[in-house]
Amino acid sequence: MKIVVIGGTGLIGSKLVNNLRERGHDALAASPNTGVNSITREGLADAMNGAQVVIDVSNAPSWEDQAVLDFFETSTRNLLAAEAAAGVRHHVALSIVGSERLPANGYFRAKVAQENLIKASGIPYSLLRATQFFEFVGGIAQFATVGDEVRLSPALIQPMASDDVAAALTDVALAAPINGTQEIAGPEAMPLDELVRRFFRATDDTRKVIPDVHALYFGDVLDDQSLTPGSSNPRLGPTRFEDWLAKSTQR
């Protein structure tokens, strides 16, 4: 099949393109870097020509509330219109576990808006909601740092490796549309503060992690359901955080 990966040169997209090509498919890495822009529509019609599946793993260039909403709404509308014109029969999008449970987070609100546009489009679709990636733990810590202290909620999080996200997306894209949502997560849940503490131990970071039930996670107070799967049968990636840490710190 010809499969277009929007955001195909990013962290998840590049892994996804490789996976699809290894399985014998014609995977197009579509991004502004490769001449395909879902905001300006540059190269979009040509990219969609002959495509059976489109996978959207694009990311907004800004996290400012209005900017990120504008990005996902504009991009998604343009993609869906181009897909309808080209006869694409499966739209796959990567979203975030817990998006609807953290309304103060502008990025999460934008992902919910994106999901709603896809559901209303009439194009067969599959939504894959993933938990936070291991690769972003350092960024979470940095966001919560004041001086040499890092205040984080002890609420549960169930993060996963980006390789496992790409593997799940590959399987979803090559299967029939589910016209619904599948959740994916890592193999173990742990308190957010403990997750960062483990990361610091592995990277010899001397900052002190302080558990704080009132600490905000990108604008919201967390509970144990905020960042963990809400469904009874999420797909669990095989990679444990400790194994990922051991591998990533050896490089």
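Residues numbered from 1 in each chain as written. Predicted model: local features only at pLDDT ≥ 70, side-chain atom pairs only at ≥ 80, totals over all residues. Heavy atoms only, no water.

*Asks:* Tell me what's going on with the overall build of the chain, and back it up with residues and numbers.
*Replies:* Across its full length, the chain holds 8 helices and 14 strands. Whereas a compact globule of 251 residues would reach a radius of gyration of roughly 18 Å, the chain reaches 18 Å, a difference of no more than 12%. Of all intrachain contacts in the chain linking residues separated by at least 6 positions in sequence, the fraction that spans at least 24 positions is 81%. Entry remark: accessible area of the chain is about 11,200 Å², with carbon and sulfur atoms responsible for 50%. Within the chain, one finds 22 positive and 30 negative side-chain charges whose respective centroids are separated by 3 Å. (Helix = DSSP H or I, 4+ residues; strand = E, 2+ residues; numbered from the N terminus. Rg over C-alpha atoms; globule rule 2.2 N^0.38 Å. Contact = heavy atoms within 4.5 Å. Areas by Shrake-Rupley, 256 points an atom, 1.4 Å probe, with all protein chains shown as cover. Lys, Arg positive; Asp, Glu negative; His and termini not counted. Charge placed at Lys NZ, Arg CZ, Asp CG, Glu CD.)

*Asks:* Which residues make up the pattern of salt bridges, and what are the values?
*Replies:* Opposite charge on two side chains allows them to pair when their charged atoms are near. If you walk through the whole model with that rule in mind, you get 15 salt bridges. Here Glu115 and Arg129 are joined by a salt bridge, their closest N and O atoms 2.8 Å apart. With Glu115 in helix α4 (residues 106–119) and Arg129 in strand β5 (residues 125–130), the pair connects residues that are 14 residues apart, well separated along the chain. By relative accessible area, which is 3% here, Glu115 ends up buried. The class of Arg129 is buried, set by a relative accessible area of 9%. (Salt bridge = Lys/Arg side-chain N within 4 Å of Asp/Glu carboxyl O. Buried < 20%, exposed > 50% of the residue type's maximum accessible area, 1.4 Å probe, protein only.)

*Asks:* Report on the sheet that holds strand β9 (residues 181–185), specifying residues and quantitative values.
*Replies:* With respect to topology, 7 strands assemble into an open sheet ordered β2-β1-β3-β4-β5-β9-β14, the strand pairing being parallel. Both outer strands of the open sheet, β2 (26–30) and β14 (235–236), are each paired with one neighbouring strand and no more. Of the strand pairs in this sheet, strand β1 (residues 2–6) and β2 are connected by 5 bridges, and their pairing is parallel. In the strand pairing of β2, Ile3 is matched with Ala27. Against the sheet, helix α3 (residues 65–86) contacts β1, β3 (53–56) and β4 (90–96), and its axis sits at roughly 175° relative to β3. Relative to β4, helix α6 (residues 162–174) is tilted by about 155°, and along the sheet it contacts β1, β3, β4, β5, β9 and β14. (Pairing = 2+ DSSP bridges. Axes fitted to C-alpha atoms, helices over the stretch in contact; angles between N-to-C directions.)

*Asks:* An account of the packing of aromatic side chains is requested, with residue identities and associated values reported.
*Replies:* In this structure the tally under the stated criterion is 11 aromatic pairs. Pairing Tyr217 with Phe218 gives two aromatic rings, centres 4.9 Å apart and planes at 80°, and the pair type is edge-to-face. This pair shows no difference in class: Tyr217 is buried, exactly as Phe218 is. Geometrically, the ring pair formed by Phe241 and Trp244 is stacked, given 5.9 Å between the ring centres and 15° between the ring planes. (Phe/Tyr/Trp six-rings, centres within 6.5 Å; stacked < 30°, edge-to-face > 60°.)

*Asks:* Describe the sheet that holds strand β7 (residues 149–152), with residues and values.
*Replies:* Whenever strands of a sheet pair, they do so through backbone hydrogen bonds, lying parallel or antiparallel. Taken together, the 3 strands give an open sheet; going across it, the order is β6-β7-β11, and neighbouring strands pair in mixed fashion. The open sheet terminates on both sides in strands that have one partner only, identified here as β6 (145–146) and β11 (208–211). Bridge analysis of β7 against β11 gives 4 bridges, and the strand direction is parallel. Bridge assignment links Glu149 to a residue of β11, and that residue is Lys208. Docked against the sheet, helix α7 (residues 192–203) engages β7 and β11, running at close to 170° with respect to β11.

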